[in-house]
Amino acid sequence: MSQTYGKTRWKRFALVMVPGVAATAAIGVSLANSALAASFSVSGQQFKVTTAQLHGYGFSQFGSVDVGANGAFHPVAVSAFDTATINSLCQSVVTDLSALGLGKITLQLNAGQDPAKPVQAENLLIDLDQLEADAEFKNINIGQDASTLTGSALNGWKTHKALGPQGLPTGDKGFAQRADEATLSGVKQTAWATSAGTFKLNGLKLNLLKGDGAGKECY
């Protein structure tokens, strides 16, 4: 099978079929020239992301569970890319500061707006739970055992994850898919976390906006 086309919208853990990409502001600022291990406690806040196009190589995807600092579990689809370029990235997260009399505040991050200078990432891992996109895959295997996945993006994967390549015994224990190349257009997603070995945000712009919803969040 050389190519697969599709448009998928899902909320259930068991129906993961297409990849996504996300970038938190903290990672965008701190990881331009450094690496972050995949093992960390998620904040308990989801964030929204849109991109005009994501193009990546060495793609794989499998189910896992993120753990918050409070011990809460969050089922996710982990999308891994050995390398990726991202055009017109927007990320937003809303924080409620009503207790301080400030109401809701939206942090909005934009990067890669210039087509000649896209966002660039290596060893990218995205933990998401909802995605809409038009997707094209090259040389894709759907239904591969998660324990057999390989790629540089997975080398830092930590066994504290409840599911995943090093967290599953071999032999029909975890649904996964892999592809040599993936292109996603018109991406809209919600995610819990992301990490990368290198994340270069060209044209980074970060704004704090009062309120939430249309015009503040990415979608």
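Everything numeric in this text was worked out from a predicted model, so none of it was measured. (Residues numbered from 1 in each chain as written. Predicted model: local features only at pLDDT ≥ 70, side-chain atom pairs only at ≥ 80, totals over all residues. Heavy atoms only, no water.)

Points about the overall build of the protein chain
Per the secondary structure count, the protein chain includes one helix and nine strands. Counting helices and strands in the order they occur from the N terminus, the protein chain gives β-α-β-β-β-β-β-β-β-β. Surface summary for the protein chain: the accessible area is close to 10200 Å², and the carbon and sulfur share equals 52%. (Helix = DSSP H or I, 4+ residues; strand = E, 2+ residues; numbered from the N terminus. Areas by Shrake-Rupley, 256 points an atom, 1.4 Å probe, with all protein chains shown as cover.)

A few points about the nonpolar core
Ranked by internal contacts, the top residues of the largest apolar core, which has 31 residues, are Phe81 and Leu184. It is strand S6 (residues 119–145) that contributes the most residues to this core, ten residues altogether. Counting eleven residues, the second largest nonpolar core, distinct from the first, contains Ala146, Leu149, Ala176 and Trp192. (Core = buried A, V, L, I, M, F, W, Y, C linked by side-chain atoms within 4.5 Å. Buried < 20%, exposed > 50% of the residue type's maximum accessible area, 1.4 Å probe, protein only.)

Things to note about the packing of aromatic side chains
Within the structure shown, the criterion is met by two aromatic pairs. Ring geometry for Phe59 versus Phe81: centroids 5.3 Å apart, planes at 40 degrees, classification tilted. Of the two residues, Phe59 sits in strand S2 (residues 47–67) while Phe81 sits in strand S3 (residues 73–87), which places them 22 residues apart along the sequence. Both residues of the pair, Phe59 and Phe81, belong to the buried class. (Phe/Tyr/Trp six-rings, centres within 6.5 Å; stacked < 30°, edge-to-face > 60°.)

Let's talk about unusual backbone geometry
Even without a glycine there, the phi angle at Asn123 is positive, about 50 degrees. Overall, Asn123 belongs to the partly exposed group, its relative accessible area being 28%. Phi at Asn139 takes a positive value of approximately 55 degrees, unusual for a residue other than glycine. By the element assignment, Asn139 lies in strand S6.

Re the environment of Asp127
Mapped onto the elements of the fold, Asp127 is located in strand S6. Since its relative accessible area comes to 5%, Asp127 is described here as buried.

Points about the environment of Phe62
One can find Phe62 in strand S2. You can call Phe62 buried: its relative accessible area is 1%. Sequence spacing of Phe62 and Arg178 is 116 residues, and the spatial spacing of their C-alpha atoms is 8.9 Å.

Concerning the pattern of salt bridges
On inspection of all chains with the given rule, the structure shows three salt bridges. As a salt-bridge pair, Glu217 and Lys48 come within 3.3 Å of each other at their nearest N and O atoms. Of this pair, Glu217 sits in the segment after strand S9 (205–210) while Lys48 is found in strand S2, placing the two residues 169 residues apart along the sequence. Of the charged contacts, one joins Lys104 and Asp212 as a salt bridge, the two residues approaching to 3.5 Å between their closest N and O atoms. With Lys104 in strand S5 (residues 104–111) and Asp212 in the segment after S9, the pair connects residues that are 108 residues apart, well separated along the chain. A residue is classified by how much of its surface remains accessible, and Asp212, at 34% relative accessible area, is partly exposed. (Salt bridge = Lys/Arg side-chain N within 4 Å of Asp/Glu carboxyl O.)

Description of the side chain of Ser60
Tracing the backbone through its elements, the reader meets Ser60 in strand S2. On the basis of relative accessible area, Ser60 is assigned to the buried category, the value being 3%. Apart from residues lying up to four places away in sequence, Ser60 is in contact with Val78, Ser79, Ala80, Leu149, Leu154, Gln177 and Arg178. (Contact = heavy atoms within 4.5 Å.)

As for the pairing of S5
Within S5, seven of the eight residues are buried, which leaves the element mostly enclosed by the surrounding structure. Relative to S5, strand S4 (residues 89–96) is paired through eight bridges, and the arrangement is antiparallel. Along S5, the bridge assignment pairs Ser92 with Gln108. Inspection of the sheet shows S5 paired to S9 by six bridges, in the antiparallel sense. Each bridged residue has a counterpart across the sheet, and for Leu107 the counterpart in S9 is Leu208. (Pairing = 2+ DSSP bridges.)

A look at the pairing of S2
Across the 21 residues of S2, 15 count as buried, placing the element largely inside the fold. Sheet analysis places S2 next to strand S7 (residues 175–195), joined by 14 bridges and oriented antiparallel. The partner of Gln53 across the bridge, within S7, is Ser185. Relative to S4, S2 is paired through three bridges, and the arrangement is antiparallel. The residue of S4 that forms the bridge with Val49 is Gln91. Pairing of S2 with S3, which is carried by 14 bridges, proceeds in the antiparallel orientation. Across the sheet, Ser64 pairs through a bridge with Val76, a residue of S3. From the end of S2 to the start of S3, which pair antiparallel, there are five residues, and Gly71 there has a positive phi angle of about 90 degrees.

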